[in-house]
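# Observations on the three-dimensional arrangement
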Protein chains: 2
Amino acid sequence: MSVEQQAGDRLSADDLRDAWILFTPDDRRLGFEQLQRPEAEDFFLSLPARDQEELVLALPPDQRRSWVRLLPPDDAADLVQAAPPEEREGLLALLDDATRREVTALLAYAEDDAGGLMNPRYARVRPDATVDEAISYLRRQARERTEVIYYAYVLDDAQRLLGVASFRDLFAAAPDKRVREVMHGDVVSVREDMDQEEVSRVFAERDLPAIPVVDAEGRMKGIVTVDDIVDVVEEEATEDFHKHGGVEVLGAPYLEMGFGAMVKKRGGWLAALFLGEMLTATAMAFFEEEIAKAVVLAVFLPLIISSGGNSGSQASTLVIRAMALGEVRLRDWWRVAGREVMTGVALGLILAVIGFVRILVWQKIGHVYGEHYLRVATTVSLSLVGVVSFGTLTGSMLPFLLRRVGLDPASASAPFVATLVDVTGLVIYFAVGSVILSGTLL
Amino acid sequence: MSVEQQAGDRLSADDLRDAWILFTPDDRRLGFEQLQRPEAEDFFLSLPARDQEELVLALPPDQRRSWVRLLPPDDAADLVQAAPPEEREGLLALLDDATRREVTALLAYAEDDAGGLMNPRYARVRPDATVDEAISYLRRQARERTEVIYYAYVLDDAQRLLGVASFRDLFAAAPDKRVREVMHGDVVSVREDMDQEEVSRVFAERDLPAIPVVDAEGRMKGIVTVDDIVDVVEEEATEDFHKHGGVEVLGAPYLEMGFGAMVKKRGGWLAALFLGEMLTATAMAFFEEEIAKAVVLAVFLPLIISSGGNSGSQASTLVIRAMALGEVRLRDWWRVAGREVMTGVALGLILAVIGFVRILVWQKIGHVYGEHYLRVATTVSLSLVGVVSFGTLTGSMLPFLLRRVGLDPASASAPFVATLVDVTGLVIYFAVGSVILSGTLL
């Protein structure tokens, strides 16, 4: 039974929202067509741009116009950007002339710049208008717009941003005062080419509902509102999370990725890490003789190298997130290195003590590690201090190195750090072993 | 020279913001006291609650009142919550009676519930007021408040939420219409005890600037605004990021954590993982004989087990983030398991082919793996398929398991998954080895 035939019990907007992810594009359209117009409008406006685009293209051409025209220019630009290149002209043609010009201007910005986020429509007033004139102008604006108006921006004849006045400032002032006397002159603004991650930092620091976007000459281009920033913050956090887990950024919901695309997004990194990890096999080959003589060394190998990987993963996690939140900057690398060396040694010592006790206890119970068990325990403990310190330092410095050469610090993924540390950890372990065990087992 | 003595070149708010993280509480106070009042107010309002609290307590008692009274009730409640218990009464006493009652009511909510996020002040109108009355009421409100007013909420006599009207709805309507005729009746609201992560999902889905908070009886308690949600999204992303990296949630900026606290936050998990990883030493002890006979097996051990850990880390990363974004729900576990088994086998096959070729090439060049190199290569390749499939399945299912028993899925950290997979990977590898190499090396 298709969605269309369930005439008796119609889908509500909430039902449709719940089932959305399970539906094919065609089911989605059928479900959407069952909604009443006002409910359907709310539903359409709440969809992400990718879904809006898919839905509009699934509708018959003569019905597309009214939906696309519902969108403010920034959202319309996102919809056009989400569409396949061959459909973009057709979608632009659905807009009225003024909006089409605005949308075309927005499409020129990189998607993750302030310019790509901004809404080109905002309330502007002249500095020499009276407060009363400004208020009735804003009332007229409020009547014509779907967006919430937060502030009136005061521009000179060259469109340069002079100041800002909130509703509250205007309502609280005497009606015959000039806007110039009421406005705040020291406006927080962002440049049109500022990266969206940095824009979200400005919002977090200043707690504003909207921030104006200006070009290099200080001419106002539009506003970014805080509700767009929620999406930016989610998106950037997802990207960092994926990169740090050693996955290429998906760019689509997990359950909507095809099998082939999924294998590709993960296989690339996994194969690269595998090639890197092959160095362990090369390194191990050098120590084959030692292993043959002292098999007990091999027994503790996974324990030692994984401890290095784990401590490195912790360090890279902390540094990457602190960088993303703006708490740690590139120039702080030296302070971080100092802290992490100390922390690494302390953590290494904790594991060394646990490891030492563990070997002693097992030896008491089962005599499993032979007559030289004290030397074995010493080898394991000393190696742990070395490997954990090295892992911590590597994990904390790799994000700085990546940022320094212009890459994303989040690419210092847990698996990447672990792979780096595995090879070195193995060499540290066998080097310590050949000193401590020389003349006894080796 | 102290900050105070730099009379000649006073600190600006921007300088202070930049140097903040490097300053002691006393330096911060001295810098803050140098700002002009309006600049200082903006600066104070933009600080996080922890810093506001520290700053207020660093000021002499007679100066504290005017700063605390600057805050809206929700922010004042956050400040009180951030203070040491013995200071809280004193801080509450600084507020005026009405605000103190509001703040005390807010303090009863859990910090990460909708109730803990909300502002109890909002614009309310009666359903039978005229549009004209409502507008002049809102104008009066706008004059008295520091907050932006997004919507007027329509309540009945029992404080139950009937509907909502935006500025735009009111301005666009005929002045003598009733609010009841203009309002939207189908209001998106959240319950006061809804978790803040879920509240942020509602904001992301609905794209609203503010959402009303109601109790179980539908009585309106306050509003949550989208600018508070940006902080929630950042905070939740940081928590998940830390947990997934195998670190306890820091709860403070990286550079502000003391050495002891830092070692404690990381040492606990690291030691727990170390104890878990000790199972590898126990398992390895069972295979000592095999290793002694076929040292070549040990050579590939780190490569095999780390591939399992890496693929597990990828899978847990994808599932945890998809759960946090609401894309994957508990009931989707079966679909995810199906996808991940297929993906795991595919990824395992890719690594198996690379591994097989690698051993063949090295053998051609250096004859390093002895006469049974084909059997060795087969052991490595088959193990890779097994270990990677197992790692992928474990990494994807562990977050479901954790959520099922009421824990945070993000605790399925990369190191935790790697540790689980290391032990099993090792057993798979030696099991495959003893079958394939039986009668030749073993």
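Residues numbered from 1 in each chain as written. Chains lettered and ligands numbered in written order. Predicted model: local features only at pLDDT ≥ 70, side-chain atom pairs only at ≥ 80, totals over all residues. Heavy atoms only, no water.

## A word on the overall build of chain A
Each helix and strand in chain A was counted, giving 20 helices and 6 strands. Taking 442 residues into account, the globule formula puts the C-alpha radius of gyration at 22 Å, and chain A, at 30 Å, lies well above it. Carbon and sulfur atoms make up 55% of the accessible area of chain A, which amounts to about 18600 Å² in all. (Helix = DSSP H or I, 4+ residues; strand = E, 2+ residues; numbered from the N terminus. Rg over C-alpha atoms; globule rule 2.2 N^0.38 Å. Areas by Shrake-Rupley, 256 points an atom, 1.4 Å probe, with all protein chains shown as cover.)

## Considerations on the interface of chain B and chain A
A common way to state how big an interface is: give the accessible area lost once the parts meet. Facing the 115 residues of chain B at the interface are 115 residues of chain A. Both faces considered, chain B and chain A share a buried interface measuring about 10600 Å² in area, 66% of it formed by carbon and sulfur atoms. When the area that chain B buries against chain A is broken down by residue, the three leading residues are Phe241, Tyr254 and Phe274 of chain B, summing to 8%. A salt bridge links Glu234 of chain B to Arg321 of chain A; its shortest N-O distance comes to 3.3 Å. For the interface between chain B and chain A, the tally reads 26 residue pairs in polar contact (both at pLDDT 80 or more). (Contact = heavy atoms within 4.5 Å. Buried area = accessible area lost by both parts, 1.4 Å probe. Salt bridge = Lys/Arg side-chain N within 4 Å of Asp/Glu carboxyl O. Polar contact = N/O pair within 3.5 Å; in protein donor to acceptor, adjacent residues only side chain to side chain.)

## Digging into the environment of Ala152 of chain A
With respect to the secondary-structure elements, Ala152 of chain A resides in strand S2 (residues 151-155). Here Ala152 of chain A is in contact with Ala123, Val125, Leu138, Gly163, Val164, Ala165 and Leu170 of chain A, once residues within four sequence places are set aside.

## Notes on empty space enclosed by the protein
Here the idea is plain: a probe the size of a water molecule rolls over the atoms and shows the empty space left. Across all of its chains, the model carries 6 cavities of 30 Å³ or more by this definition. Taken as a whole, the largest cavity spans an internal volume of roughly 270 Å³. In terms of lining, the largest cavity is formed by 24 residues, of which the most central are Gly309, Asn310 and Ala418 of chain A together with Asn310 and Ala418 of chain B. Secondary structure elements with two or more residues in the lining of the largest cavity: helix H17 (295-324) and helix H20 (414-436) of chain A together with helix H17 (295-324) and helix H20 (414-436) of chain B. Taken together, the residues that form the lining of the largest cavity break down as 10 nonpolar, 10 polar and 4 charged. (1 Å grid on protein atoms, 1.4 Å probe; cavity = no way out; pocket = protein on both sides within 12 Å on 5 of 7 lines; lining within 4 Å. Points joined across faces, edges and corners; volume = space filled by probe spheres on them. Nonpolar A, V, L, I, M, F, W, Y, C, P; charged D, E, K, R; others polar.)

## Some points on the packing of aromatic side chains
Evaluation of the coordinates by the stated rule reveals 23 aromatic pairs over all chains. Centroid distance Tyr151 of chain B to Tyr153 of chain B: 6.3 Å. Interplanar angle 70°. Geometry classified as edge-to-face. Each of the two residues, Tyr151 of chain B as well as Tyr153 of chain B, counts as buried. In textbook terms, an aromatic cluster arises when at least three aromatic residues are bridged by ring pairs, as seen for Trp20, Phe32, Phe43, Phe44 and Trp67 of chain A. Over the ring of Trp362 of chain A we find Arg358 of chain A; its NZ or CZ atom is 3.8 Å from the centre of that ring. (Phe/Tyr/Trp six-rings, centres within 6.5 Å; stacked < 30°, edge-to-face > 60°. Buried < 20%, exposed > 50% of the residue type's maximum accessible area, 1.4 Å probe, protein only. Lys NZ or Arg CZ within 6 Å of the ring centre and 35° of its normal.)

## Observations concerning the sheet that holds strand S6 (residues 220-225) of chain A
Residue and element names in this part refer to chain A. Here we have 3 strands laid out as an open sheet, ordered S4-S5-S6, and mixed in their pairing. Only two strands of the sheet have a single partner each, and these edge strands are strand S4 (190-191) and S6. With 2 bridges connecting them, S4 and strand S5 (residues 210-214) associate as parallel partners. Counted as the bridge partner of Val190 is Val213 from S5. (Pairing = 2+ DSSP bridges.)

## Some details on helix H19 (residues 373-404) of chain B
Its 32 residues place the ends of H19 of chain B 46 Å apart at the C-alpha level, agreeing with the 46 Å of an ideal helix rising 1.5 Å per residue. Considering bend angle alone, the principal kink of H19 of chain B is centred on Met397 of chain B and spans about 30°; proline Pro399 of chain B follows within four residues of it. (Expected span 1.5 Å × (residues − 1). Bend = angle between axes of the 7 residues up to and from the residue.)

## Topic: the confidence of the model for chain A
All names here are of chain A. Per-residue pLDDT for chain A averages 86, and the proportion of residues at 70 or more is 95%. For chain A, helix H11 (residues 167-172) is the element with the lowest average pLDDT, namely 77, and S4 is the one with the highest, namely 94. Contacts of residues 1-8 to residues separated by more than four positions or lying in other chains number 9 contacts, the stretch itself having pLDDT below 50. In the model output, the complex is listed with pTM 0.79 alongside ipTM 0.79. (pLDDT = per-residue confidence, 0-100.)

## Quick word on the domain arrangement of chain A
Each domain of chain A was delimited in the assignment, giving domain 1 (3-109), domain 2 (123-226) and domain 3 (254-436). Relative placement of domain 1 of chain A and domain 3 of chain A: their C-alpha centres are 49 Å apart. (Domains from an automatic or database assignment.)

## Things to note about the sheet that holds strand S1 (residues 123-125) of chain B
Residue and element names in this part refer to chain B. Strand order in this open sheet of 3 strands is S1-S2-S3, and the pairing throughout is mixed. Across the chains shown, the open sheet's two edge strands, defined by having one partner strand only, are S1 and strand S3 (161-166). Neighbour to neighbour, the strand axes of the sheet diverge by 35° on average, direction disregarded. By the bridge criterion, 5 bridges tie strand S2 (residues 151-155) to S3 in an arrangement that is antiparallel. If you follow Tyr151 over to S3, its bridge partner there is Ser166. (Axes fitted to C-alpha atoms, helices over the stretch in contact; angles between N-to-C directions.)

## A look at the relation of the copies chain B and chain A
For the pair chain B and chain A, the superposition axis carries a translation of 0.0 Å, the fit reaches an RMSD of 0.1 Å, and the rotation angle comes to 180°. Interpreted geometrically, this transformation is the action of a two-fold axis. Take the interface residues of chain B: 100% of them recur as interface residues in chain A, which is what a same-surface contact looks like. (Least-squares fit on C-alpha atoms with pLDDT ≥ 70 in both.)

## So, the pairing of S2 of chain B
Residue and element names in this part refer to chain B. When you tally the buried positions in S2, you get 5 out of 5 residues, the bulk of the element. Sheet analysis places S1 next to S2, joined by 3 bridges and oriented parallel. Of the residues in S2, the one forming a bridge with Ala123 is Ala152. Count of turn residues in the S2/S3 antiparallel hairpin: 5 residues, of which Gln159 carries a positive phi of about 70°.

## Notes on the packing of helix H13 (residues 196-206) of chain A against helix H14 (residues 226-244) of chain A
Residues and elements named next belong to chain A. One can describe the packing of H13 onto H14 by two numbers: an axis separation of 9 Å at closest approach and a directional angle of 125°. One way to sum up the angle between H13 and H14 is to call them oblique. Where H13 crosses over H14, the two elements pack in a sense that is left-handed. Judged by residue contacts, Gln196, Glu197, Val199, Ser200 and Phe203 of H13 engage Val226, Ile229, Val232, Val233, Glu235, Glu236 and Asp240 from H14. In terms of residue class, the contact of H13 with H14 is built from 6 nonpolar, 2 polar and 4 charged. (Parallel < 35°, antiparallel > 145°, perpendicular 65-115°, else oblique. Left-handed = near helix turned anticlockwise from the far one by under 90°.)

## Things to note about H17 of chain B
Residue and element names in this part refer to chain B. The first and last C-alpha atoms of H17 sit 45 Å apart over 30 residues, in line with the 44 Å expected at 1.5 Å per residue. Along H17, the helix axis deviates most sharply at Leu301, where the bend reaches about 40°; the proline Pro302 sits within four residues downstream. Residue Gly326 follows H17 closely and has a positive phi angle near 75°.

## Some details on the pattern of salt bridges
This structure, assessed with the given rule, holds 38 salt bridges over all chains. The residue Asp128 of chain A makes a salt bridge to Arg126 of chain A at a minimum N-O spacing of 3.3 Å. Asp128 of chain A gets classed as partly exposed once you look at its relative accessible area, which sits at 41%. The partner of Glu54 of chain B in a salt bridge is Arg28 of chain B, with the nearest N and O atoms 3.2 Å apart. With a gap of 26 residues between them, Glu54 of chain B in helix H4 (residues 49-58) and Arg28 of chain B in helix H2 (residues 25-33) connect regions that are remote in the sequence. Look at Arg28 of chain B and you get buried, because its relative accessible area is 2%. Through salt bridges with shared partners, one network takes in Arg28, Arg50, Asp51, Glu54 and Glu256 of chain A.

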